[in-house]
Amino acid sequence: MTKWLLVAVTLMLGACASHPNAPMNAATADYSYKIGPGDTLNIVVWRNPELSMSVPVRPDGKISSPLIDDLQAMGKDSTSLARDIEKELAKFIRDPVVTVIVTGFVGPYSEQIRVIGQATKPQILAYKQKMTILDVMIAVGGITDFADGNRATILRTSENNAQYRVRLKDLVKNGDVTANVEMKPGDVLIIPQSWF
């Protein structure tokens, strides 16, 4: 029995060692928020209050408003969407000036942070610039009593699904801020269950 326990521990430690530690800094300075399904947009058309309104981005990534049917919004920043709306409105009014303000943030699916496994409340979170793993842990309510927090990994989709080891137990339970790392858009945080 002891022999099998030793083999199991060796395999688990080997699995942990196969992933490098997550880099402390991951955010890039040139990040620009992209509109996604579920976002709420406040469209302001200067000198045309009847065309100004708040609209949701539909699940298909499009928006509709007066004089505009099914305009693609997903994946664009607010400035480029405003220019697209101006082009559409120019068919009906002279020299439209449009401002788009994102008021409810969800973001595109490809940039959302997913937390699975032994989190208190596993869920999907909207990515925010300079978001850290501590921010994620606060949002999901920490880790369960059954979590093996120091064997958690980040699956980084933006780096061809590279996996990095993170020390959630050290961060959340012991307050070790050196275990706090930045997240990237599209990261998946995987928190395994402890075996004993």
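Up top is the structure.
Described in the following lines is the structure provided in the data block. Values in this document were obtained by computation on a predicted structure and should not be read as measured data. (Residues numbered from 1 in each chain as written. Predicted model: local features only at pLDDT ≥ 70, side-chain atom pairs only at ≥ 80, totals over all residues. Heavy atoms only, no water.)

Where strand E6 (residues 113-117) lies against strand E10 (residues 188-191), four bridges are found, and the strand directions are parallel. By the bridge assignment for E10, Val115 is matched with Leu189. Strand direction decides the pairing type here: strand E8 (residues 153-156) and E10, joined by three bridges, are antiparallel. Note on E10: the bridge partner recorded for Thr153 is Ile190. (Pairing = 2+ DSSP bridges. Helix = DSSP H or I, 4+ residues; strand = E, 2+ residues; numbered from the N terminus.)

Residues of helix H3 (residues 133-140) that are buried include every one of Ile133, Val136, Met137 and Val140, and no others. The arc that holds every buried residue of H3, seen down its axis, measures 100°, which confines them to one face. Where the residues of H3 are buried, they touch E6, strand E7 (123-125), E8, helix H4 (168-172) and E10. One or two residues past the end of H3 sits Gly141, with phi positive at roughly 80°. (Buried < 20%, exposed > 50% of the residue type's maximum accessible area, 1.4 Å probe, protein only. Arc of directions from axis to C-beta. Contact = heavy atoms within 4.5 Å.)

Turning next to the pairing of E6. Sheet analysis places E6 next to E7, joined by three bridges and oriented antiparallel. Its bridge partner lying in E7, Ile113 is registered against Leu125.

This next bit is on the sheet that holds strand E2 (residues 53-56). The three strands are arranged E2-E1-E5 in an open sheet whose pairing can be described as antiparallel. Every interior strand has two partners, whereas the edge strands, E2 and strand E5 (98-104), have only one. Looking at each pair of strands side by side, their axes are set apart by 30° on average, direction ignored. Judged from the six bridges that link them, strand E1 (residues 40-45) and E5 form a sheet pairing that is antiparallel. In the strand pairing of E5, Val44 is matched with Thr99. Helix H2 (residues 78-89) contacts E1 and E5 of the sheet and is inclined by roughly 130° relative to E5. (Axes fitted to C-alpha atoms, helices over the stretch in contact; angles between N-to-C directions.)

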